[in-house]
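# Residue-level structure breakdown
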Amino acid sequence: MAANVRPLTGTIGARVEGLDLGALDEDGAAALRDALDRHHVLVLGAQPLDDDQQRRLAEAFGAPHVHPVAAWMGSSDVVAYVTNDADNPPQGDSDFHTDYTFHPEIAAVAVLQAQAVTSHGGDTVWSDTHAAYDALSPALRGWLGGLEAHHRMDPRFAEVMRQRHGDEVADRVTAAFGGTVHPMVVSHPRTGRPALFVNPGYTDRVVGLEPKESDALLGFLFEHLGQPRFHYRHHWAVDDVVVWDEVATVHQGPDDFWPERRVLRRVCAGVVVPQPAVSVTVGGIAS
Ligand SMILES: [Fe+2]
């Protein structure tokens with residue numbers, strides 16, 4: 001059965017219907033990869049899946065792997081349950097971010113399915129990093145293309161670790177994920193399109209700028225990514241499956257449902273080492 005792909009906004013997101021997600025064949029997998037390259041966030045609708053079926057669905061986009069922080073904590077299961085309830089408040093997901101950019105390698109794709117949803121709130125919002133880059137002036141795009149920024153773990157995460165596991169574990173996790181540097185504009189590994197690669201969740205400074213210069217530039221770019229014209233917002237229903245491209249988007253989960261219970265099952269697929277976008281200079285203007 002052919003996939004029916006319907007854009008959800010003029011910029012980002014598409015609903016895909018007509019595929020049996022629990023028994024995806026190679027044609028279906030190719031259709032999903034093509035739709036993801038074009039729309040960056042795919043809403044696949046509500047289909048019950050077990051752990052194994054979700055892992056196999058993720059394989060359409062790359063080899064599933066354990067989130068590096070979960071691996072550091074001792075988990076070896078590529079299928080993770082992200083649970084928030086009265087005892088487990090959300091851990092700083094409310095700022096836009098690409099997952100774990102404080103690490104030298106990031107996931108290519110995330111595949112989430114809602115296992116338990118809240119009576120209100122709990123949406124996820126994505127912003128299109130290609131569209132945000134394209135909307136900048138050629139002069140600013142040219143400058144950003146030569147810059148790098150430092151990314152570090154959200155200090156609030158270390159604080160949660162400190163409260164739950166004590167000082168020693170919190171200090172060790174901070175040391176293990178002390179941060180890394182990425183280009184501020186990266187080339188998408190599949191499409192080659194340039195993407196703005198900074199996020200307010202993990203990016204803390206621009207390499208080579210004075211602190212005030214860095215704060216001003218990052219503040220502008222974070223505000224730029226925050227414009228609704230680049231966004232798709234999803235309200236979860238039980239069994240909803242959503243796939244997103246980690247390079248082509250940043251995402252946030254507003255903390256507006258706690259202390260209600262929400263459970264999302266997550267599989268990360270594929271690995272990307274962010275690479276700088278090649279800038280082309282035409283008539284003295286970099287594009
Ligand atoms: Fe995230």
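Look up: the structure comes first, before these words.
Right, let's walk through the structure included here. Keep in mind the model is a prediction, meaning the values are calculated, not measured.

Cut-offs used in this document
- Residues numbered from 1 in each chain as written.
- Predicted model: local features only at pLDDT ≥ 70, side-chain atom pairs only at ≥ 80, totals over all residues.
- Heavy atoms only, no water.
- Donors = N, O, S within 2.8 Å, 3.2 Å for Na, K, Ca; no water.
- Helix = DSSP H or I, 4+ residues; strand = E, 2+ residues; numbered from the N terminus.
- Buried < 20%, exposed > 50% of the residue type's maximum accessible area, 1.4 Å probe, protein only.
- Pairing = 2+ DSSP bridges.
- Axes fitted to C-alpha atoms, helices over the stretch in contact; angles between N-to-C directions.
- Core = buried A, V, L, I, M, F, W, Y, C linked by side-chain atoms within 4.5 Å.
- Contact = heavy atoms within 4.5 Å.
- Phe/Tyr/Trp six-rings, centres within 6.5 Å; stacked < 30°, edge-to-face > 60°.
- Lys NZ or Arg CZ within 6 Å of the ring centre and 35° of its normal.
- Salt bridge = Lys/Arg side-chain N within 4 Å of Asp/Glu carboxyl O.

Six octahedrally arranged donors around a metal ideally form angles of 90 or 180 degrees; four tetrahedrally arranged donors ideally form angles of 109.5 degrees. Protein coordination at the iron ion: the donors are H97 (NE2), D99 (OD) and H251 (NE2), at 2.2 Å from the metal. Along the chain, the residues that donate to the iron ion are spaced as H-x1-D-x151-H. In this pair, H97 sits in the loop between β5 (80-84) and β6 (106-116) while H251 sits in strand β15 (residues 249-252), placing the two residues 154 residues apart along the sequence. The buried category is assigned to H251, whose relative accessible area is 6%.

Next up on the list: the sheet that holds strand β13 (residues 231-234). Judged by pairing direction, the sheet is antiparallel, and its three strands sit side by side in the order β13-β7-β15 without closing on themselves. What marks the edges here is a single partner per strand, and that holds for β13 and β15. Neighbour to neighbour, the strand axes of the sheet diverge by 20° on average, direction disregarded. One ladder, built from four bridges, connects strand β7 (residues 124-128) with β13; its direction is antiparallel. Bridging from a neighbouring strand, T124 pairs with H234 of β13.

Below, the discussion takes up the nonpolar core. By size, the foremost hydrophobic cluster in this structure holds 44 residues, and its most contacted members are L32, L42, L44, L57, F61, V111 and V243. The biggest single contributor to this core is β6, with five residues. Those residues in contact with L57, other than ones at most four positions away along the chain, are L21, L24, L32, L44, L49, V111 and V241. Counting residues in hydrophobic clusters, the runner-up holds 22 residues, among them L140, A149, L196 and V206.

Turning to the environment of V271, a few remarks are in order. Here V271 is to be found in strand β16 (residues 262-272). Sequence-wise, V271 and A58 are 213 residues apart; in three dimensions their C-alpha atoms are separated by 12 Å. With sequence-adjacent residues up to four places away left out, V271 is seen in contact with H65, E105, I106 and A108.

To continue, consider the packing of aromatic side chains. By the definition in use, this model includes four aromatic pairs. Aromatic side chains W126 and Y232 sit 6.1 Å apart centroid to centroid with 15° between the ring planes, which places their arrangement in the stacked category. Placement of W126 in strand β7 and of Y232 in strand β13 is noted, with a sequence separation of 106 residues between them. On the accessibility criterion, Y232 (10% relative accessible area) is buried. Among the aromatic residues, those joined into a cluster by ring pairs are F102, F177 and Y202. Above the face of the Y133 ring, R141 is positioned so that its terminal group lies 5.7 Å from the ring centre.

Our focus in this paragraph is the pattern of salt bridges. For the coordinates displayed, the defined rule picks out 16 salt bridges. The shortest N-O distance in the salt bridge between E26 and R33 comes to 2.8 Å. A salt bridge links D34 to R38; the nearest nitrogen and oxygen atoms lie 2.8 Å apart. Here D34 and its partner R38 are both found in helix α1 (residues 26-39), four residues apart, which amounts to about one turn of the helix. Shared partners join several salt bridges into a network, and the residues in it are D52, R55, R56 and E59.

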